[in-house]
Amino acid sequence: MLKHLLQISDLSREQIEQLILRAQYFGINSPNIAPSLLSKKGFLSTLFFENSTRTRASFELAAHTLGIKTINLDINTSSVKKDESMIDTFQTLAAMGCRYFVVRHSESNILEKIVSEHPALSSACHFVNAGDGHHAHPTQGLLDMLTIYQAQKKSEIDFSHLRVGILGDSVHSRVAKSDIVALKLLGCRDIRLIGPDSWLVEPEEYVTSQTNPLNKSVMEDLDVIITLRVQKERMAYLDLALLNDYVEHFQLTSERLKWAKPDAIVMHPGPINRGIEMTSEVADGNQSFILKQVSNGVLMRTAVLEAMSEVRTE
Ligand code: CP
């Protein structure tokens, strides 16, 4: 049973493996919604204080798959704009019957604070972090693990032999941090962070190697290349010269991709800044798993909501 999902480290390796296998199952079988889930009261509300296409839409689709009604609270037209506090907004929706909150916010760790300071609300409702600041994006981490698992084309989940490069702006990336924790939990021992020095997470936080610049030797035996969005909105300063320098030295091009294993997969959480993190040729090429990640988002979020609902669909 999953009460909340605020960060990947809330999960054990076994739970992550179960979610991967369950999401994989949903990719093959349409769930028969258990009558007990349909008859359960309560709806899911998405509250996105930052923009989203993939995460919000896929949570709604996942909820509908399970027969859970959804309400998207449009923050810009809500009473948040009349200075209603976040906790009052949650309590108001909970009073109407909301039992699942899917929340994206620019402040890191904001849901941990809500959950720990409001035990009655957190006991009555499930909270899912849909991305908080530069801290965590756990369902993106999970769907990325599902995508890597599928690319291995093996029934067992074994990441111990994998070499994974994470290319770009990891210091501002909640996706990179969630991916690193998930990869480590699943046994991956070779995670290489590649990017300009000022964009790399602190090395002591993670057991990984760090590389600047992107070159043949760091790429040549990679199985997976996770490219990251340049997080312009989280940078105090980003000028054109810096961006041009990034494109020149770190952009994933077809020529640079040839340095990796021939069957290496290319991932990106989206949205892509085409022509910055990678060329369109790579984004749309046959090694790109980017749209697979998007489809997997629906499957993984279905598995997560099912685990929270305590009702097993068939
Ligand atoms: N990867 C991701 O979170 O995409 P959205 O911002 O579109 O939800």
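The shown structure was predicted, so the numbers you read here are calculated from the model rather than taken from an experiment. (Residues numbered from 1 in each chain as written. Predicted model: local features only at pLDDT ≥ 70, side-chain atom pairs only at ≥ 80, totals over all residues. Heavy atoms only, no water.)

Observations concerning the overall build of the protein
- A tally of regular secondary structure across the protein gives 13 helices and nine strands.
- Relative to its length of 314 residues, the protein is compact, with a C-alpha radius of gyration of 20 Å against a globular reference of 20 Å.
- Dimensions of the protein along its principal axes, counting C-alpha atoms only, are 55 × 45 × 35 Å.
- The buried share of the protein, taken over its 314 residues, is 55%.
- Total accessible area on the protein stands at roughly 13,800 Å², and carbon and sulfur atoms take up 51% of it.
- Placing the 32 positive and 38 negative side-chain charges of the protein at their respective mean positions leaves the two points 6 Å apart. (Helix = DSSP H or I, 4+ residues; strand = E, 2+ residues; numbered from the N terminus. Rg over C-alpha atoms; globule rule 2.2 N^0.38 Å. Buried < 20%, exposed > 50% of the residue type's maximum accessible area, 1.4 Å probe, protein only. Areas by Shrake-Rupley, 256 points an atom, 1.4 Å probe, with all protein chains shown as cover. Lys, Arg positive; Asp, Glu negative; His and termini not counted. Charge placed at Lys NZ, Arg CZ, Asp CG, Glu CD.)

Observations concerning the nonpolar core
- In terms of nonpolar packing, the biggest core is built from 52 residues, with I20, L142, I148, F159, I166, L183 and M300 touching the most fellow members.
- Dropping the residues within four chain positions of it, I20 is found in contact with M145, L146, Y149, I157, L186 and M300. (Core = buried A, V, L, I, M, F, W, Y, C linked by side-chain atoms within 4.5 Å. Contact = heavy atoms within 4.5 Å.)

Overview of the packing of helix α1 (residues 13-28) against helix α13 (residues 290-309)
- Two numbers describe how α1 lies on α13: the axes approach to 8 Å, and their chain directions differ by 120°. What the angle tells us is that α1 and α13 run oblique. The two elements α1 and α13 meet at a crossing, and its hand is right-handed. Residues L19, I20, R22, A23, F26 and G27 of α1 form the contact with α13, whose own contacting residues are L299, M300, T302, A303, V304, E306 and A307.
- Residue composition of the contact of α1 with α13, by class: nine nonpolar, two polar and two charged. (Axes fitted to C-alpha atoms, helices over the stretch in contact; angles between N-to-C directions. Parallel < 35°, antiparallel > 145°, perpendicular 65-115°, else oblique. Left-handed = near helix turned anticlockwise from the far one by under 90°. Nonpolar A, V, L, I, M, F, W, Y, C, P; charged D, E, K, R; others polar.)

Overview of the site of the ligand
- In the vicinity of the ligand, the contacting residues are N51, S52, T53, R54, T55, R104, H137, Q140, P269 and G270.
- Between an oxygen atom of the ligand and a side-chain N or O atom of R104, the distance comes to 2.8 Å.
- Interatomic distance of 2.9 Å between a side-chain N/O atom of H137 and an oxygen atom of the ligand.
- Burial of the ligand by the surrounding chains reaches 93%, relative to a free accessible area of 260 Å².
- Among the residues forming the shell around the ligand, the class breakdown is one nonpolar, seven polar and two charged. (Near = heavy atom within 4 Å. Polar contact = N/O pair within 3.5 Å; in protein donor to acceptor, adjacent residues only side chain to side chain.)

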